[in-house]
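Here's the letter readout for the chains.
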Amino acid sequence: MTATAPTVLVVDDEPINVDILVDYLEDSGYHIETAPDGQFAWDLLESNPEIYDVVILDRMMPGLNGMEVLERIKQHPVLQSVPVILQTALAAREEILEGLQAGAYYYLTKPFDQAMLLSVLTTAIDDRRRYQRALEDSDVASRTFGLLREATFSFRTLGSARDIAVVLAN
């Protein structure tokens, strides 16, 4: 993980919607990439999965639709932790529930305002960065324990024993 600007992939088949999203985001310090459809987005994601911090994904697109892209993202070993914000005009309870159950981080219904988008985006990126730091910390702990050949622990309470078990399990 680097301290560079977060990379946001905006996916929508309607150029006006892409322009609106880019306009909302361009002054907020994000690196923005765009895709005109689901297949193009998937090709970008699959070719370089490590660079994306969040995907803003239109649900309704011809060809590979947003739900299908979301499904592929959630099945990919690297991309599955990338937050996906579905944005769509489909606002029925069942459709929102379907999107969230499929793994969407958030579900924005059109029209939405800039403040709402930026709030959701900031939270998604913060969560993603915390997750990446936790993975890095876990890797360090794993490598460190890999060096361990012998250890003795002393504990007096069940809570202390549980703490040791958690540390060792990680």
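Only a predicted model underlies this, so the values are computations on that prediction, with no experimental measurement involved.

1. Some points on the overall build of the chain
Next, step 1: The number of helices and strands found in the chain is six helices and five strands.
Next, step 2: Mapped from its N terminus to its C terminus, the chain presents α and β elements in the order β-α-β-α-β-α-β-α-β-α-α.
Next, step 3: In terms of overall dimensions, the chain is more spread out than a globule: its C-alpha atoms have a radius of gyration of 20 Å, far above the 15 Å expected for 170 residues.
Next, step 4: When its C-alpha atoms are laid out on the principal axes, the chain stretches across 65 × 35 × 30 Å.
Next, step 5: Counting only residues that meet the buried cut, the chain has 34% of its 170 residues in that class.
Next, step 6: Counting contacts in the chain only where the partners sit at least 6 residues apart, residues at least 24 apart contribute 63% of the total.
Next, step 7: Carbon and sulfur atoms make up 54% of the accessible area of the chain, which totals about 9,900 Å².
Next, step 8: Of the side-chain charges in the chain, 13 are positive and 27 negative, and the distance between the mean point of each set is 13 Å.

2. Looking at the nonpolar core
Next, step 1: In terms of nonpolar packing, the biggest core is built from 21 residues, with Leu9, Val11, Leu45, Val55, Leu57 and Ile73 touching the most fellow members.
Next, step 2: Elements supplying a minimum of two residues to this core: strand S1 (7–11), helix H2 (38–47), strand S3 (54–58), helix H3 (66–75) and strand S4 (84–88).
Next, step 3: Counting residues per element, this core draws most heavily on H3, which supplies four residues.
Next, step 4: Counting 17 residues, the second-largest nonpolar core is a separate cluster that includes Leu21, Leu25, Ile85 and Val120.

3. Regarding the pairing of S3
Next, step 1: Most of S3 sits inside the fold, with five of its five residues counted as buried.
Next, step 2: Every second residue of S3 is oriented toward a common face, with Val54, Ile56 and Asp58 on one face and Val55 and Leu57 on the other, all of them buried.
Next, step 3: When S1 meets S3, the two strands line up parallel, connected through four bridges. Bridging from a neighbouring strand, Val11 pairs with Leu57 of S3.
Next, step 4: Two strands pair when backbone bridges link them, and S3 and S4 are joined in this way by four bridges, in the parallel orientation. Among the inter-strand pairings, Ile56 is bridged to a residue of S4, identified as Ile85.
Next, step 5: Following the chain from S3 across H3 to the adjacent parallel S4, one finds a crossover that is right-handed.

4. So, H3
Next, step 1: Among all positions in H3, only Gly66, Met67, Val69, Leu70 and Ile73 are buried. The buried side chains of H3 occupy one side of the element, clustering within an arc of 160° when seen end-on.

5. Points about the side chain of Thr7
Next, step 1: Note on placement: Thr7 falls in strand S1.
Next, step 2: Apart from the residues within four sequence positions on either side, Thr7 is in contact with His31, Glu33, Ile51, Tyr52, Asp53 and Val54.

6. Remarks on the pattern of salt bridges
Next, step 1: On inspection of all chains with the given rule, the structure shows five salt bridges.
Next, step 2: For Arg59, the salt bridge identified is with Glu98, shortest N-O distance 2.2 Å. One end of the pair, Arg59, is in the loop between S3 and H3; the other, Glu98, is in helix H4 (residues 93–101), and 39 residues separate them in sequence.
Next, step 3: A relative accessible area of 8% means that Arg59 is categorised as buried.
Next, step 4: Residue classification places Glu98 among the partly exposed residues on the basis of a relative accessible area of 40%.
Next, step 5: Within this structure, Asp12, Asp58 and Lys110 form a network of salt bridges that share partners.

Cut-offs used in this document
- Residues numbered from 1 in each chain as written.
- Predicted model: local features only at pLDDT ≥ 70, side-chain atom pairs only at ≥ 80, totals over all residues.
- Heavy atoms only, no water.
- Helix = DSSP H or I, 4+ residues; strand = E, 2+ residues; numbered from the N terminus.
- Rg over C-alpha atoms; globule rule 2.2 N^0.38 Å.
- Buried < 20%, exposed > 50% of the residue type's maximum accessible area, 1.4 Å probe, protein only.
- Contact = heavy atoms within 4.5 Å.
- Areas by Shrake-Rupley, 256 points an atom, 1.4 Å probe, with all protein chains shown as cover.
- Lys, Arg positive; Asp, Glu negative; His and termini not counted.
- Charge placed at Lys NZ, Arg CZ, Asp CG, Glu CD.
- Core = buried A, V, L, I, M, F, W, Y, C linked by side-chain atoms within 4.5 Å.
- Pairing = 2+ DSSP bridges.
- Right-handed = clockwise from strand over helix to strand, strands pointing away.
- Arc of directions from axis to C-beta.
- Salt bridge = Lys/Arg side-chain N within 4 Å of Asp/Glu carboxyl O.

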